[in-house]
Amino acid sequence: MAATTTTAASISAGAGGGAGAEDRVLATAQQIVKSLNTPKEVREDMLLIFSSFDNRLSNIKTVMTDQNDALLARLEAAETVIHRWDGGNDSSRHSSSSSGNHRYSSFSLSFDESPEEATEFLSAVDEIISLLEDLSSENKPDMVDRADSALQMAMSQLEDEFRRILIRNTVPLDAERLYGSMRRVSLSFADGDVVEDFENFGLVADGEGSGSGSRRRLFHERGGSIGCDLWVDLINPTAVEDLKEIAERMIRAGYEKECVQVYSTVRRDALDECLTILGVEKLSIEEVQKIDWKSMDEKMKKWIQAVKITVRVLLAGESKLCNEIFTGSESSKEVCFNETTKSCVMQLLNFGEAVAIGRRSSEKLFRILDMYDALANVLQSLEVMVTDSFVLNEAKGVLEALGDAARGTFVEFENNVKNETSKRPTTNGEVHPMIRYVMNYMKLIVDYAATLDSLLEKDELDGLSGNDCSEEMSPLAKRMLKLITSLESNLEEKSKLYEDGGLQYVFLMNNIYYVVQKVKDSELGKLLGDDWVRKRRGQIRQYATGYLRASWSKVLSALRDESMGGSSTGSPSYGQRSNSSSSASKMALKERFRGFNASFEELYRLQTAWKVPDPQLREELRISISEKVIPAYRAFFGRNKSQLEGGRHAGKYIKYTPDDLESYLPDLFEGTQLVIHPKRKST
């Protein structure tokens, strides 16, 4: 009682100060009463003691009672609204039913269907939260318990409504519209070339090809790109404000964790469904390894598009949604976004990892590069939006693994080209299927020059020297040069499989010409340079000279006069008798015609079956033959035909005029074997 008496004395000391002093006295007394942590009966005794000191304190009990009644009235009003919506409150259901208000007979809080009632409910929640804040300085445990109970009930209703609004207003992903909005990029084709698969060359992925008869077109389609203006609504925009209102109340009431959990669960399932719509399945690494290449190629294409859409559209939209709904809580924004998006991002990354560690095959290179580019292009956006270090580290790890897989696959392709040792030459000397495949493959590789330059930059390059290589060349250019150098060496070895020397040169001409055309007509030309092209053209001319020498020397030898046994002094001449012999015997002349005819007919039979696919090269080769052979035969024919004409069976020997021979040349190198059937000339 000593403390109370002292306090009372202090109150009494301020008794003479008028109205202002009276207010201060009442305020002090009220504060003392609030601070009393004693039973109700004791508090009432204390109030009586205070009032005995001064008649101005005689109404303090009335004031305190009025304030308490006001708090209680606020609580009861808010409780009435909250209980009205409580579907689990039997008394409220009974009360509502008996009063005829059937819309409250069971819980049906709906922000979109009953906006006025929803506003009333939120106001009641605000009142409860405000009341609890006021009661924090009061010693009214019973009232606090009632307010807490009402708030808990309200939060349960808001949590359910929050979930319902999220689910009901989720907008299904329109994948077709998204794909239609994506900017398409060029398709890379092999210019219509039909190429054979090489199982022994290592260029056929698992399940592809069944031997030399397996043929297909080598092509690769690169996916579209997404513009910055592409946007979709993930939630009906009209529902965002309601979600925001609910989130604000739940966070203020201390139910942030529950709010975040509901949001993350619903939106996580929605994003997982978006991946399903985009064609991305949940597959384990073991399941991915078992997929055949044709199916895998389709899944990789869908993954590439899904990565672009997920980050550029879905995650960007999800970030915007979190910012709009959780405006008052940065931590809620961050946690909601990370928890919502983690599942779908990890699903994409898991597939990327499975591809990266899978069995390497040359045909997978372009898809792996597409996957690498797709992930690399969205990584910066991912880093801006996602703050989960685990997810970001996983993304960087998968990107690095895809880069390693691309680099390793490229090196494997190089080794396949270098070590390809098939002993099955083309029957007619045309372009080898390996050359077609490799050159078209290289044309596609150039589409990824920037990516491969960065991936190959640190690799050591051995076995490349000479005038073709320079320090200024990019890493990819050096690798392309090394590949073509391996091809050229390979071709030299394959040409030796032909017994006919002329066919060896035709084979080399066809293949090197094909390589040059592919380089010249593509970005390879920029990588390798004009000097490289000029040198190879000179090489083709050398092969043409070698062909003429190997194929036509025997034919031309029959037209030389020394073949009749003339003097070996001086230079040989066509169509002129040597000075050491005044004339050749008719028999020897007949043998010369006979030998020429037989040689020409044999060459015609063989070389009509040979194939020079390129029209320009084919025509140039025919012209070189014509310039070499026809003038020599024309001179020989003009000089000697008179000696046999008029003789017996002259037509057996003089079977062709120079014009006849020239008319046969266009049949050469068409790939269809023909035989000459000349008309017999009468004697």
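Residues numbered from 1 in each chain as written. Predicted model: local features only at pLDDT ≥ 70, side-chain atom pairs only at ≥ 80, totals over all residues. Heavy atoms only, no water.

Enquirer: When you look at the overall build of the chain in this model, what are you seeing that I'm missing?
Expert: Within the chain one finds 24 helices and 2 strands. Out of the 683 residues in the chain, the part that is buried amounts to 46%. Taking all contacts inside the chain whose residues are at least 6 apart in sequence as the whole, residues at least 24 apart take part in 79%. Of the roughly 33200 Å² of accessible surface on the chain, 48% is carried by carbon and sulfur atoms. (Helix = DSSP H or I, 4+ residues; strand = E, 2+ residues; numbered from the N terminus. Buried < 20%, exposed > 50% of the residue type's maximum accessible area, 1.4 Å probe, protein only. Contact = heavy atoms within 4.5 Å. Areas by Shrake-Rupley, 256 points an atom, 1.4 Å probe, with all protein chains shown as cover.)

Enquirer: Help me understand the side chain of Glu-414, please; the structure alone is not making it clear to me.
Expert: By secondary structure assignment, the location of Glu-414 is in helix α15 (residues 389-419). Residue class for Glu-414 comes out buried when judged on its relative accessible area of 8%. Excluding residues that lie within four positions of it along the chain, Glu-414 makes contacts with Arg-479 and Leu-483.

Enquirer: How should unusual backbone geometry be read in this particular structure?
Expert: Generally, phi is negative for residues other than glycine and the peptide bonds are trans, each holding for most cases. In this structure, Phe-669 is a non-glycine residue whose phi angle is positive, near 65 degrees. Following the sequence through the fold, Phe-669 ends up in the segment after α24 (658-664).

Enquirer: Hey, could you run me through empty space enclosed by the protein in this one?
Expert: Over the atoms, a rolled probe matching the size of one water molecule traces out where space is still vacant. If you walk through the whole model with that rule in mind, you get 3 cavities of 30 Å³ or more. Counted as a void, the largest cavity has a volume near 60 Å³. Within the residue set of the lining of the largest cavity, elements represented by two or more residues are α12 (293-325), α13 (330-356) and α14 (365-385). Split into classes, the residues belonging to the lining of the largest cavity amount to 8 nonpolar, no polar and no charged. For the second largest cavity, the calculated volume is near 50 Å³. Gly-279, Val-280, Glu-281, Leu-283, Lys-299, Trp-303 and Phe-351 together form the lining of the second largest cavity. When grouped by side-chain class, the residues that make up the lining of the second largest cavity number 4 nonpolar, 1 polar and 2 charged. (1 Å grid on protein atoms, 1.4 Å probe; cavity = no way out; pocket = protein on both sides within 12 Å on 5 of 7 lines; lining within 4 Å. Points joined across faces, edges and corners; volume = space filled by probe spheres on them. Nonpolar A, V, L, I, M, F, W, Y, C, P; charged D, E, K, R; others polar.)

Enquirer: Quick question: what am I supposed to make of helix α6 (residues 115-135) here?
Expert: Because an α-helix packs 3.6 residues into every turn, residues spaced three or four apart end up facing the same way. For α6, built from 21 residues, the straight-helix expectation of 30 Å at 1.5 Å per residue is met to within 8% by its first-to-last C-alpha distance of 30 Å. Those residues of α6 that sit buried are Glu-117, Ala-118, Phe-121, Leu-122, Ala-124, Val-125, Ile-128, Ile-129, Leu-131, Leu-132 and Leu-135. (Expected span 1.5 Å × (residues − 1).)

Enquirer: What's the story with the state of the cysteines in this structure? I'm lost.
Expert: One pass over the structure, following the stated rule, counts 0 disulfides. Its sulfur unpaired, Cys-274 is 8.3 Å from the next cysteine sulfur, which belongs to Cys-344. A relative accessible area of 8% places Cys-274 in the buried class. We classify Cys-344 as buried; its relative accessible area is 1%. (Disulfide = S-S within 2.5 Å.)

Enquirer: Just to check I follow, could you spell out the nonpolar core for this structure?
Expert: The nonpolar side chains of soluble globular proteins are, as a tendency, buried together. Counting 178 residues, the largest nonpolar core has Phe-162, Met-439, Ile-445, Met-480, Tyr-547 and Trp-552 as its most contacted members. Among the elements that make up this core, the one with the highest residue count is α12 (15 residues). For this core, the two domains that each supply at least three residues are domain 1 (52-84 + 112-169) and domain 2 (242-403). The residues touching Phe-162, leaving out its near neighbours within four places in the chain, are Leu-243, Ile-246, Ala-247, Cys-259, Val-262, Tyr-263, Ile-325 and Phe-326. (Core = buried A, V, L, I, M, F, W, Y, C linked by side-chain atoms within 4.5 Å. Domains from an automatic or database assignment.)

Enquirer: What is the right way to read the environment of Tyr-513 from this model?
Expert: Its location among the elements puts Tyr-513 in helix α19 (residues 501-520). Here Tyr-513 falls in the buried class, since its relative accessible area comes to 6%. Taking the C-alpha atoms as reference points, Tyr-513 and Gln-539, separated by 26 residues in sequence, lie 9.4 Å from one another. Discounting chain neighbours no more than four positions away, the residues touching Tyr-513 are Leu-508, Ile-540, Asp-614, Gln-616 and Leu-617.

Enquirer: Looking at this structure, I do not really get the confidence of the model for the chain. What am I missing?
Expert: Close inspection of predicted coordinates is inappropriate for parts of the model with low pLDDT. Looking at the chain, pLDDT values average 79 and 70% of them are 70 or higher. Averaged over each element, pLDDT in the chain is lowest for helix α5 (residues 90-98) (37) and highest for α19 (96). In this model, residues 1-16 is a region of pLDDT below 50 whose contacts with residues beyond four sequence positions or in other chains number 18 contacts. In this model, residues 577-584 is a region of pLDDT below 50 whose contacts with residues beyond four sequence positions or in other chains number 12 contacts. (pLDDT = per-residue confidence, 0-100.)

Enquirer: Mind showing me how you'd approach the packing of aromatic side chains here?
Expert: How two aromatic rings sit relative to each other is given by the distance of their centres and the angle of their planes. In total, this model carries 18 aromatic pairs according to the counting rule given. Here the aromatic rings of Phe-593 and Phe-636 are separated by 4.8 Å at their centres, their planes lie at 50 degrees, and the arrangement is tilted. Of this pair, Phe-593 sits in helix α22 (residues 586-607) while Phe-636 sits in helix α23 (residues 615-644), placing them 43 residues apart in sequence. With respect to class, Phe-593 is no different from Phe-636; both count as buried. Joined through ring pairs, the aromatic side chains of Trp-552, Phe-596, Phe-600, Tyr-604, Tyr-633, Phe-637, Tyr-656 and Tyr-664 make up one cluster. (Phe/Tyr/Trp six-rings, centres within 6.5 Å; stacked < 30°, edge-to-face > 60°.)

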